[in-house]
Amino acid sequence: MTLSGFPDAAPLSGLMGGVLIGLAAALMLLALGRIAGVSGLAAKAIGLGGSGIARSDAWMFVIGLPFGALVVMLASGGFQANFASPLTLAIAGLLVGIGTRLGSGCTSGHGVCGVSRLSARSIVATATFMVTGIATVAVMNSFGLEVL
Amino acid sequence: MRTGIVSLASGTLFGAGLALGGMTDPARVRGFLDIFGDWDPTLAFVMGGAVIVMAAAWRVVPRMAVPLAAEQFHLPSRSDLTPQLIGGAALFGIGWGIAGLCPGPGIAALVIEPGAAAIFVLAMLAGMTGVRFVEGAKS
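Residues numbered from 1 in each chain as written. Chains lettered and ligands numbered in written order. Predicted model: local features only at pLDDT ≥ 70, side-chain atom pairs only at ≥ 80, totals over all residues. Heavy atoms only, no water.

**Q** It is not clear to me how the overall build of chain B should be interpreted in this structure. Could you clarify?
**A** Secondary structure assignment for chain B yields six helices and zero strands. Secondary structure elements in chain B, listed N-terminal to C-terminal, are α-α-α-α-α-α. Counting only C-alpha atoms and orienting by the principal axes, one finds that chain B spans roughly 50 × 40 × 30 Å. Going through the 139 residues of chain B one by one, you find that 54% of them count as buried. Taking the intrachain contacts of chain B between residues at least 6 apart in sequence as the baseline, contacts between residues at least 24 apart amount to 38%. Surface summary for chain B: the accessible area is close to 6100 Å², and the carbon and sulfur share equals 67%. Side-chain charges of chain B comprise 8 positive and 8 negative groups, with the mean position of each set lying 12 Å from the other. (Helix = DSSP H or I, 4+ residues; strand = E, 2+ residues; numbered from the N terminus. Buried < 20%, exposed > 50% of the residue type's maximum accessible area, 1.4 Å probe, protein only. Contact = heavy atoms within 4.5 Å. Areas by Shrake-Rupley, 256 points an atom, 1.4 Å probe, with all protein chains shown as cover. Lys, Arg positive; Asp, Glu negative; His and termini not counted. Charge placed at Lys NZ, Arg CZ, Asp CG, Glu CD.)

Pasting the structure below:
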């Protein structure tokens, strides 16, 4: 399915992917009583963050992420992905790591779990990272910086 | 044991959703953030689908005394808007915009482009650890 005016958009697979993400987060919430926030679970897995989910459970969730992606990749016969250079990835990764710890979450914890709960902190955080993400891409484009 | 299986199932579903939604392709994510250029709205459908399902799940929570496979709910209760929250989210957004990756897709992409994803994930974990050290030194 395509969206008129946006030849590159994949609205149907996007929506289906989103529903799967929502089901994953709902499973975490209703079965374990916890937020499926990837940055928090990754931090917990490497021993950061005090209380909360058992470290072994955090590892199981984190290991599931590439496993699920692998299943889709095998089922669909591989897919396109373009990644930035190693230096760019390292800088971006550092900022994402620092920012998600200071800001208590990322796209999943704030953007999906918190926004759907109408949490004020998550709505403000999501609006903030959307704005700075959009500004970053706009500034990079205006300087002709192509990273992918 | 049971909580481990639930966590693995949740992570697997999550990773499958990210891949199916195209979020493991940084070009698509940056295309979403490029609203002044060649905008790709796909991520809005991913977020929309996930938020709708989760909004339904949140409505079930008040009717449950305890979670299905745990002894109690552990949910964030803070509502204060702090400079740290906003500053952290701002930094995260800059990193997200630079490479088109956030934590979930970065980790899921370890099976798609292992070398590139590993650099991103290791740098992310280093950043997280750095924050811990600085906060530890302050207290």
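Once the structure has been displayed, the description carries forward.
**Q** Hey, could you run me through the packing of helix α4 (residues 86–102) of chain A against helix α6 (residues 114–138) of chain B in this one?
**A** Between two packed helices, the angle of one axis relative to the other and the distance separating the axes together describe the packing. Between α4 of chain A and α6 of chain B, whose axes approach to 7 Å, the crossing angle comes to 40°. What the angle tells us is that α4 of chain A and α6 of chain B run oblique. At the point where α4 of chain A passes α6 of chain B, the crossing takes the right-handed sense. Of the residues in α6 of chain B, those touching α4 of chain A at P86, L89, A90, A92, G93, L94, V96, G97, I98, T100, R101 and L102 of chain A are A116, I119, F120, A123, M124, A126, G127, M128, V131 and E135 of chain B. Here the residues of the contact of α4 of chain A with α6 of chain B are counted per class, giving 16 nonpolar, four polar and two charged. (Axes fitted to C-alpha atoms, helices over the stretch in contact; angles between N-to-C directions. Parallel < 35°, antiparallel > 145°, perpendicular 65-115°, else oblique. Left-handed = near helix turned anticlockwise from the far one by under 90°. Nonpolar A, V, L, I, M, F, W, Y, C, P; charged D, E, K, R; others polar.)

**Q** Even after reading the chapter, I still don't get the nonpolar core, so can you show me in this structure?
**A** Soluble globular proteins tend to bury their nonpolar side chains together. Within the largest apolar cluster, 80 residues are counted, with the highest numbers of intra-cluster contacts made by F14, M54 and W96 of chain B. When residues in this core are grouped by element, the largest group, nine residues, is from helix α1 (residues 11–32) of chain A. Both domains that furnish three or more residues to this core are identified here as domain 1 (1–81) and domain 2 (82–148) of chain A. Each residue touching M54 of chain B, except ones within four places of it in the same chain, is listed here: G22, A25, A26, L29, V112, C113 and S116 of chain A. (Core = buried A, V, L, I, M, F, W, Y, C linked by side-chain atoms within 4.5 Å. Domains from an automatic or database assignment.)

**Q** How do you make sense of the domain arrangement of chain A when you look at a structure like this?
**A** The parts lose accessible area when they come together, and the size of an interface is often stated as this lost area. All names here are of chain A. When cut into domains, chain A gives domain 1 (1–81) and domain 2 (82–148). A C-alpha centroid distance of 16 Å is found between domain 1 and domain 2. The interface of domain 1 with domain 2 comprises 12 residues on the first partner and nine residues on the second. For the domain 1 and domain 2 pair, buried surface summed over both sides reaches about 810 Å², with 64% attributable to carbon and sulfur atoms. (Buried area = accessible area lost by both parts, 1.4 Å probe.)

**Q** Hey, could you run me through the layout of surface pockets in this one?
**A** Here the largest pocket defines a volume of roughly 1200 Å³. Looking at the largest pocket, it is lined by 37 residues, and the ones nearest its centre are I35, G40, R101 and S104 of chain A together with P76 of chain B. Among the secondary structure elements, those contributing two or more residues to the lining of the largest pocket are α2 (38–45), α4, α5 (107–116) and α6 (120–142) of chain A together with α6 of chain B. Here the residues of the lining of the largest pocket are counted per class, giving 11 nonpolar, 18 polar and eight charged. When residues of the lining of the largest pocket are assigned to domains, at least three map to each of domain 1 (1–81) and domain 2 (82–148) of chain A. The volume enclosed by the second largest pocket comes to roughly 610 Å³. The wall of the second largest pocket is formed by 29 residues, among which D8 of chain A together with D25, A27, R28 and D40 of chain B lie closest to the centre. Counting only elements with at least two residues in the lining of the second largest pocket, the list comes to α3 (55–76) and α6 of chain A together with α1 (2–20) and α2 (26–33) of chain B. (1 Å grid on protein atoms, 1.4 Å probe; cavity = no way out; pocket = protein on both sides within 12 Å on 5 of 7 lines; lining within 4 Å. Points joined across faces, edges and corners; volume = space filled by probe spheres on them.)

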